[in-house]
Amino acid sequence: MEKDFKGLANQYKKALLDDVIPFWEQHSIDWEKGGYFTCLDRAGKVYDTDKFIWLQNRQVWLFSMLYNQLENQSEQRDHWLKVAANGANFLAKHGRDADGNWYFALDRAGNPLVQPYNIFSDCFAAMAFSKYALASNEDWAKEVALQAYNNVLRRKDNPKGSYNKTFPGTRPLKSLAVPMILANLSLEMAWLLPSDQLEEVLAATVQEVMTDFLDGDRGLMYENVAPDGTHVDSFEGRLINPGHGIEAMWFVMDIAKRRNDTNTINQAVDVVLNSLNFAWDKEYNGLYYFMDAEGHPTQQLEWDQKLWWVHLEALVALAMSYRLTGREACWEWYQKLHTYTWSHFADPQYGEWFGYLDRRGEVLLNLKGGKWKGCFHVPRALYLCWQQFEALS
């Protein structure tokens, strides 16, 4: 693949604006009840009407972000803001319990189905309403964003609270997912937060990710470690989640770029390259979903599936890595991953991208959205890669 950065930028832009966004605009918006349908089959037909808070908030974020960032798309921007408002108003009315904690799932009308057991519902609410407040200039949306963000800060040391199934004290573990999402969330909310608070949170999260969760000898991100950052010899303690580790590294690069911290940028790029070497399926290509650091069997039976978000986050990380460092290893890996990802996940017949492939790269679930896949990873990655290659061209 030649280094045709302008051509790549156009490829990602066209896929985003002419394919993926129109797919969700056409099929997912529940104008009658509010919010969005995310359970869509290959052609976009709704097969379940339950509404999952992560995905609802992510779609509010996505359409608000497009409105904020793409000012030259004048014909589409007004519609994007209406789509974002349709979700934001629904979520503000139905998404939280009486104490302000965000549920996990609602029925179509907004009645709660699953308790607020997961801190990431609050994370994505803070992200969504921050971006929506910026787009709409609504003060109430700022208040919702800050309340959700403060929930995250309050819950981060015990993310599941009373819903935690583990027995306290026997094998305490902390998860990479919490500091990595807090780092990204805080950067997303930079315009709303006092600068000293923002810098304090960013410094603490980057330090935790790059010290406690990074195994310096292997150059890999572990998914779970003991509170002091040491490894625990158990299923959870040996778990490598390549997608999470790679996604966390572009979050770290984004923060390090803000500080002109080239050492941390290069350290993050090293982790991306090590993760790709570790997780690449040398027989069938693509990246494994879960792996055991010591090569033991994982407890996740879906360990060898090839998932859309893992590959898309790796494309973002590689595009960003190459733009920031110019390292040829990043470009070589980018070419390899680009070829696999675009040839296996994109659906030229019905639009949007498949989410779940088996190890051999065959489509496993004939869907475009469900309980976990919504209007987020595909369009966000397309937008970010477009921006990286446009900057290079």
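You'll find the structure just up there.
Residues numbered from 1 in each chain as written. Predicted model: local features only at pLDDT ≥ 70, side-chain atom pairs only at ≥ 80, totals over all residues. Heavy atoms only, no water.

Caption draft 1: Region of the structure containing the packing of helix 4 (residues 119-136) against helix 6 (residues 177-188). Two numbers describe how helix 4 lies on helix 6: the axes approach to 10 Å, and their chain directions differ by 10 degrees. It follows that helix 4 is roughly parallel to helix 6 by the angle criterion. Considering the relative orientation of helix 4 and helix 6, their crossing is left-handed. Across the interface between the two elements, F120, C123, F124, A126, M127, S130 and K131 from helix 4 touch A177, V178, I181, N184, L185 and E188 from helix 6. (Axes fitted to C-alpha atoms, helices over the stretch in contact; angles between N-to-C directions. Helix = DSSP H or I, 4+ residues; strand = E, 2+ residues; numbered from the N terminus. Parallel < 35°, antiparallel > 145°, perpendicular 65-115°, else oblique. Left-handed = near helix turned anticlockwise from the far one by under 90°. Contact = heavy atoms within 4.5 Å.)

Caption draft 2: Highlighting the sheet that holds strand 5 (residues 112-114). In space, the 3 strands of this open sheet follow the order 3-4-5, with antiparallel pairing throughout. With one partner strand each, in any of the chains shown, strand 3 (51-52) and strand 5 form the two edges of the open sheet. Where strand 3 and strand 4 (residues 105-106) come together, 2 bridges link them in antiparallel fashion. Bridged to K51 within strand 4 is L106. (Pairing = 2+ DSSP bridges.)

Caption draft 3: Representation of the state of the cysteines in the model. Considering all chains together, one arrives at 0 disulfides under this definition. Free of any disulfide, C39 has its nearest neighbouring cysteine sulfur in C375, separated by 14 Å. According to the relative accessible area criterion, C39 is buried, its value standing at 4%. (Disulfide = S-S within 2.5 Å. Buried < 20%, exposed > 50% of the residue type's maximum accessible area, 1.4 Å probe, protein only.)

Caption draft 4: Fine view of the environment of W140. If you trace the backbone, W140 turns up in helix 5 (residues 139-155). With 11 residues separating them along the chain, W140 and F129 place their C-alpha atoms 9.2 Å apart. Residues contacting W140, with those up to four places away along its chain left out, are A88, N89, A92, F129 and Y132.

Caption draft 5: Spatial organisation of the packing of aromatic side chains. What the rule picks out here adds up to 30 aromatic pairs. Seen in terms of ring centroids, W250 and F251 are 4.7 Å apart; in terms of plane orientation they differ by 75 degrees. Their pairing is edge-to-face. By the burial criterion, W250 is buried, and F251 matches it. Centroid distance Y340 to F345: 6.4 Å. Interplanar angle 70 degrees. Geometry classified as edge-to-face. As far as burial versus exposure is concerned, Y340 and F345 are alike and both buried. An aromatic cluster is built from F5, Y12, Y322, W331, Y334, W342, W353 and F389, whose rings are joined through pairwise contacts. Positioned above the aromatic ring of Y67 is the side chain of R77, whose terminal nitrogen or guanidinium carbon lies 4.0 Å from the ring centre. Directly above the ring of Y288 sits K306, whose terminal nitrogen or CZ lies 5.7 Å from the centroid. (Phe/Tyr/Trp six-rings, centres within 6.5 Å; stacked < 30°, edge-to-face > 60°. Lys NZ or Arg CZ within 6 Å of the ring centre and 35° of its normal.)

Caption draft 6: Region of the structure containing the environment of L192. Here L192 lies in the loop between helix 6 and helix 7 (195-213). Given a relative accessible area of 17%, L192 falls into the buried group. C-alpha separation for the pair L192 and A226, spaced 34 residues apart in sequence, amounts to 33 Å. Leaving out residues up to four positions away in the same chain, L192 has contacts with S130, K142, A145 and L146.

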